Amino acid sequence: LFDSVEALAGACVDRLLAADPGGPYALCGISFGGVIAFEMARQLSARGRKVAHLIVLDAYMPNTAAMAVFTGDRGGQIEMVGRHLCGQWSL
C-alpha cells in the first residue's frame, strides 16, 4: 500500500521508466486515475523526461496540484464541458 498519491505515482513512474526509459510519454487517466496521471507527468518532467500528451478526465481532487489547475471561473467552464461530453457517451 502507498501512503500518498505522490508515492503511488512514483512507483508507476519507476515501472514506466524501467519498461521504456526513452519516452516521450503519453499518459491518460479518468477520475482518480487522472490524478495519478497528472502526478506522474509532474514527476516525469521533474526527472527531465518529456511528456508528449496528458489526458485527464473528471479528476477533481481537493488539495492536489491537479485541482489547483481548475480554479476560478475557468474551472466551472471545464466542469460543464466535461459533464456535457460525458452525457454524450453511451455504453
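Structure: see above.
Fair warning: this is a prediction, and the values are worked out from it, not measured in the lab.

## Concerning the side chain of E39
Position of E39 relative to the elements: it lies in helix α2 (residues 32-46). The contact partners of E39, leaving out residues within four places of it in the chain, are V5, E6 and A9.

## Focus: the environment of Q43
Relative to the assigned elements, Q43 resides in helix α2. Using a relative accessible area of 11% as the deciding quantity, one classes Q43 as buried. Discounting chain neighbours no more than four positions away, the residues touching Q43 are E6, A9, G10 and V13.

## Considering the nonpolar core
Counting residues in each nonpolar core, the largest one holds twelve residues, listed as V5, A9, V13, L17, Y25, L27, V35, I36, A37, M40, A41 and L44. At the level of secondary structure, the elements contributing two or more residues to this core comprise α1 (5-19), β1 (25-30) and α2. In terms of residue count, α2 provides more of this core than any other element does, six residues in total. When sequence neighbours within four positions are dropped, the list of residues in contact with A37 reads L27, C28, G29 and L54.

How each quantity is defined
- For every chain, the first residue of the written sequence is number 1, and numbering continues from 1 along that sequence.
- Since the coordinates come from a predicted model, pLDDT governs what is reported: local features require at least 70, and pairs of side-chain atoms require 80 or more to be given and counted, while whole-chain, interface and lining totals use all residues.
- As a rule here, side-chain values come from all non-hydrogen atoms in the structure, and water together with hydrogens is ignored.
- Only DSSP runs of H or I reaching four residues or more are called helices, and only runs of E reaching two or more are called strands; each is numbered from the N terminus.
- Should any heavy atoms of two residues lie within 4.5 Å, those residues are counted as being in contact.
- When accessible area is computed with a 1.4 Å probe and restricted to protein chains, residues below 20% of their type maximum are described as buried, those above 50% as exposed, and intermediate ones as partly exposed.
- The term nonpolar core refers to a set of buried residues drawn from Ala, Val, Leu, Ile, Met, Phe, Trp, Tyr and Cys, joined through side-chain atoms within 4.5 Å.

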